[in-house]
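Residue-level structure breakdown
Residue-level listing of the chains:
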Amino acid sequence: MSRRKKHKIKTKDSSQDRSALNETPPTSKKKWPLQQVGLYAALALAGIFAIFKLVNNGGGESGKAEVSYRKPFPAVPAKMLDNVSFEDFVGAEACSSCHTDIYNKWKSSTHGQAGGSPKDMKVIGKFDGVPRRFKDAVLTPYRAPNGDYMFNLKTEGLPEQTFKVDGVVGGGHMIAGGTQTYFSYFPDGTMRMLPFDFIRDEQVWFGETSGDGWVPITPDRIIDKESEWLPSRVLGTHFEKSNCQGCHGSQIQLEYALDKKIFSTQFTTLAVNCESCHGPGREHLQIVSEPDWKGKASLGFNSLVTLDKDESLATCFRCHALKNSLEPGFLPGKEMEEYYSTKLTMFGPSDENPYHPDGRIQEFGYQINHLSSDCYINGSMTCVSCHEPHGQTYVDVNGLPLKDPFDDGQCTSCHGSKTMDISQHTFHAIGSEGSKCVNCHMPYLQQQAIGEHLRFARSDHTIPIPRPAFDTSIGIETACVQCHSDKSVEFLQSKVDEWYGEIKPHNNMVERLLEFDPSMSLFEAGEVLLPDSSNHQMAQMAGISQFAFNYLKPNMNLDAQTVDKIKNYISNVNIDIQSVAMASLHMTNGNDDQIHNMLVDKLAELNETERRKVMKRWASALPMMAKKFEEKGNYKEAIEVYQKSLEVIPHNTVVLINMGNAYASMNENTMAIQILDKAIKLDANNYDAWLNKGNVLFKLQRTPEALAAYKQANSINPWNGSAYFNIGNCHYRTNNTDEAIVWYKKAVEIEPNLALGYFFLARSFIKKQDYKNAFTAVRSGLALDPTDEAGNQMFADLRTYFRSN
Amino acid sequence: MLVLQVRCSGGGDKSISDASAPIEAFKVQISAAESPKDYIDQLGCLNCHGGATSANQVITKAPDLSRAGYRYKPEYIFNYLQNPTRVRNHIGLSRMPNFAFDEREALALTLYLSSKKDILNVKFPDFSESGNVNLGEREFNEQACASCHRAEGQGNNVISDLSNMGSKLNPVWMRQFIAAPAAFQNGNNMMPGLLYHFNTDSTSLIQNVEDADEKIENLSAYLLSLEAPDHDEQLDRYTETQKSNSEISVEIGRKIYQAQNCSGCHQSDPDGQWKETVAPDLLTVQSRINESWLADYIKQPHAIRPFGFHPGSGSRMPDFSLTEAEVQNIVRFLYDKEIKEKTSVEEPSQFVKHKIETLLDEKFPCIGCHSIGGKGGRIAPDLAGLSKRLNSDYLTSMVTNPSTAMPGTIMPKISMPQNLRDQLIAYLVHNNDTVTERKYLSLIDHPITLPSEELTPENIYLSKCAICHGEKGNANGFNAAYMATQPTKHADGSYMAKKPDDTLFDGVYAGGYILNKSHLMPAWGNALSKNEIQGLVSYMRSLCNCSPPKWSTDDRTTN
């Protein structure tokens, strides 16, 4: 499960606009993520709109001899029909009668036991009725009389809550940290993760905190500081942490029915089933039900054992990889590259790169960092080189079974050379822990995002050589320490030097990343970060990302030499690298007709599928850069970059909303409204567009118009507290206090930890001189946010009032 | 065995029989087959095929070629190699088979054989070339010659017809041979020495009859006057071929001679001998090869391993032009008991077939050596023909554990999961496609490698690596031309200097695939010992004349 919280391109946090209400200082609040659903609908239409754009651009005005002729961007090719739908999946039981052996292997595997209903799963959490105390809340996991697994939560100042466990995720199988998590259905039709997890080895309930990782529930913890509280992880969301919500289960589909105003959550199982890897099985069942199936060329599946190295890896990277969403709707059987990019996760400033320069994961262990291993770069290693995919047991490179994850056969079936004289290689006694390949080359590393409170370590799939001094310098516990925790780094390094002398250097591209220093000039950085070629695509992506985020600005007109360096990457074999190179040049030199035309020509060279994939990535990479300008307050530059993204894929509501908000941040409110209206025109049911438009109007004191916009948002999605709160604000401002109270109440009902909601509710009651209700409300608000200045002031005033009366 | 007693007793007073020395009665053994085993023995099958010791009869019947250049005219050798016909009638079933040599191959062999001109260490009289043809003809017909030989339609063709001697034999050799056949026959005393007496212990001749020299001169003059009708044509063709193939050397011919195991039947110089395995074990054939296939095959042999049973040798199964009856007898001998196949392999689905084809194309190393559908290496048999050729038990055990199924095979055991192996076997057993390519590869255009079986690193390299990587590591082994990926050039110092020894080891041990290189390079870890692989690594280092990267060497410092 991912606990990754890195930057993603999304619309402005639109939970509430406080700017017009100076009574309270702004506080940071989590938001419910659901407003993202549906944002991407416009992307699919973009191709159609782009045709009009071409005409408008005058691109077709042939015959007119123009001095500078800018070729129009091609339209995004319409997506091939991939007819996979939820109904095409048949579930693992359907496979069991023919593929009995494989089914049985799978059923008891970690994939087969990855999740399910509480009835089917072995529940490892202690639902023992014993209260677990937070500072401000008490959590009691218990069994209901009918056997249901339940949580009871009493939070100070808030109504008591109970949650029934409807889904169990995780079997607690994993070595070095097995956990189990529980999901519950919510009234909006979603299934959400309850942020009370259980860990097998320590046998405690824990939760994720912001900043301190995973921490057992103790009386010094404030529940509202739990980063997953309120429950916000919705099963099936694709744009964030999709490896959790999209992968802990099979064929999970989350849809929002506009007419019924309700979400529907569909999945085949919460385990990871046959079709997660093999694709939909319905056609297969149909074909093999015919008597002559043996003569049929197609059985409705492709054999996965025939996949080449990268295709095979991609099957596993559907889940075992960090990835950025490009478009919703992925299902096994569809092409992942259309929906997700794995390397765009690295496109950002170096301090946000989820990987260390040598490819080791910074936060949470996804095995895609195997792409940084020498076994991948100079070898043919895939996941199934060691992992038997059906039983998740271990095999050697020839597919022959091995004993366990520590079996040397995983390595020595290729590296026979190392078995010539084992102790000459290991310098540890044969048979000892130090003589096992994986103990030194794939050590279990505590995942940095988890923190230090609970052991949750995953084996390092970059398969590095232990380098005590270097490892320590980048903040990684070197393998030797796993046994020799009493020894200093200097000692360990001296042993490595003594035993091995000069050791294998890092990959050249990794050395370049290590050499890079942001104080370098643009020229120096280009020399270091953008070599002509490299066999290490992960590091190459890191290189161009660091170059882009440290040096590039819109329309800066890079010198010819640097342009050439980036241009070289446009032909990179990796589509992500190719795309960000195009995006970078487009951003810096796109106003130069020659460069612009070169980029357009390059797109034209690609076949339709490649072009579509490149354009999606390109149009996503630009807003990622824009976001960084925005974060630094450089709204003008951000807008220029958003504009460029719209040149590539014109009718993208996500980008339009971000751009509208950037205008609003610059106080160019008319432009902001104009842009947000464009988004609304493209997608009249876009919650964020209406909400953000409301925010701008509210700021402009055009309260009735703001109210109308908020109401529109609210009618689209009545499950989001933001609109309620902002509608309340409109009524409050127009002195329609009774009405304001109604909406604030709804806001906190939907979003019970919305402290601001309670404070504004209190303020409304004060306005009505209903001090009793005001006092209750302000106490609830302070329970959630004890530091709120305005809240504390109201509390003090009200207490004084009650004391004096 | 039929023994024909020939009493050489001429009539006339000037006849040879007047000579003071007694005329020897000699036996001509007309070999006839009495048991199926006789077919094997007389055809000399076991001279090439292992599996039993041969009563090597053929060596006494085939001409001694250790002085072929002294004996034959090159154009005769050249033509005969391409169109071998029966010459000797007294050698029973033995015959010179057809090796399907093309002109260039025949030329190479001819050059080699013609280089064998060593003169016998025997003091022969100085014959003059001025013999009388007519007198010679009379001698031939009146004397014992015609009892056994025929010329121009006269005489008994018991031994051979001499009507083409003028285009076949070197005159010097012929006169010396008539004078003292025993000097040339290595104890296989067939032709009597009628004119001179030759004592094998001595190097000199004792005249038996008067005017022996003159008779020899006349006889040879007559015989030399007998030319094959197409002799001029043959000579032209030979000269022409030689002129347009000046690159073909005696050495190439020698290798072909060795590779085809010519010395298995012919007395040869030591430099023409190669003692290693040149053909499959014959006596186990019934447990490996389907009977009906074998009957068809020996009747009309074609290339199974297009460049030699021992990879890279270029050895061929020659065509003996067997009659139907001969085929039946041979098969009866080879299949002496009924073999019941244990394996019953269900026909795989189309899907599995397609899957295996993809794996053969992209993952398995098989088509590095084997071909299928015209694609792939030419070291080993075409996979399409296997099911017709091989017993499915044998096929299964060959795929499962080659060295057990066929001791001495070059084929390494390829490790794979059992389910894939089963599917591969099912695919092969049920592949009934016809092999389209049945020709042997040119022995001129492909380098012949003839390692000895002694297990030195060099020999292991020559027998297992050189067929693709080239004898000197230049990626020019004969099979390189048939692979989609060019083999690594082990002689390329700048490339090899980047590769640690361990990487070279691992590539040999676990195959090209694990190094992200070609899957056609198989893993040798099941076939070679680790020490042998280490020996190969050192040998590759000697080919590239380079050192591995410094960090990879054992140069650790203690400071």
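These notes cover the structure that comes with them. These figures come from a predicted structure and were not determined experimentally.

Criteria and thresholds
- Residues numbered from 1 in each chain as written.
- Chains lettered and ligands numbered in written order.
- Predicted model: local features only at pLDDT ≥ 70, side-chain atom pairs only at ≥ 80, totals over all residues.
- Buried ≥ 20, exposed ≤ 12 C-beta atoms within 10 Å, placed from the backbone.
- Helix = DSSP H or I, 4+ residues; strand = E, 2+ residues; numbered from the N terminus.
- Pairing = 2+ DSSP bridges.
- Contact = placed C-beta atoms within 7 Å.
- Nonpolar A, V, L, I, M, F, W, Y, C, P; charged D, E, K, R; others polar.
- Core = buried A, V, L, I, M, F, W, Y, C linked by C-beta atoms within 7 Å.

**Some details on the pairing of strand β8 (residues 191-199) of chain A**
Residue and element names in this part refer to chain A. Across the 9 residues that make up β8, a large majority, 9, are buried. Sheet topology places strand β7 (residues 179-185) next to β8; 6 bridges connect them, and they run antiparallel. Paired with F183 across the two strands is M193, which belongs to β8. Linking β7 back to β8 in an antiparallel pair, the connection comprises 5 residues, with G189 at a positive phi of about 95 degrees. Judged from the 3 bridges that link them, β8 and strand β9 (residues 204-209) form a sheet pairing that is antiparallel. Counted as the bridge partner of F198 is W205 from β9. Once β8 ends, the chain turns through 4 residues before running back antiparallel as β9, passing Q203 with a positive phi of about 55 degrees.

**Notes on the interface of chain B and chain A**
Many authors give the size of an interface as the accessible area that is lost as the parts come together. Each partner contributes residues to the interface: chain B has 30 residues there, and chain A has 30 residues. Within the residue set of the side of chain B that touches chain A, elements represented by two or more residues are α16 (350-362), α24 (501-510) and α25 (530-544) of chain B. Broken down by element, the residue count for the side of chain B that touches chain A peaks at 7 residues, all from α16(B). Taken together, the residues of the side of chain B that touches chain A break down into 11 nonpolar, 11 polar and 8 charged.

**Some details on the sheet that holds strand β4 (residues 154-155) of chain B**
All names here are of chain B. Strand order across the open sheet formed by 3 strands is β4-β3-β5, with mixed pairing between neighbours. This sheet does not close on itself; its edge strands, each paired only once, are β4 and β5 (160-161). When strand β3 (residues 149-151) meets β5, the two strands line up parallel, connected through 2 bridges. Within β5, the residue paired with R150 across the bridge is D161.

**Things to note about the nonpolar core**
Side chains of nonpolar character tend, in soluble globular proteins, to be buried together. Ranked by size, the top nonpolar core spans 171 residues in total, and within it I544(A), A762(A) and V778(A) carry the most contacts. Residue contacts for I544(A): discarding those within four places in its chain leaves L529(A), L530(A), Y569(A), I577(A), V580(A) and A581(A). F351(B), Y394(B), F478(B) and I533(B) belong to the second largest nonpolar core, which has 70 residues in total.

**Concerning the sheet that holds strand β2 (residues 132-133) of chain A**
Here we have 4 strands laid out as an open sheet, ordered β2-β3-β4-β5 (chain A), and antiparallel in their pairing. Edge positions in the sheet fall to β2 and β5 (161-164) of chain A, since each has one partner strand and no second.

**What about the pairing of strand β11 (residues 253-257) of chain A?**
All names here are of chain A. Where β11 meets strand β12 (residues 262-266), 5 bridges bridge the pair, whose relative direction is antiparallel. Within the sheet, the bridge partner assigned to Q253 lies in β12 and is Q266. Connecting β11 to the antiparallel partner β12 that follows it, the hairpin turn spans 4 residues, and K261 within it adopts a positive phi of roughly 55 degrees.

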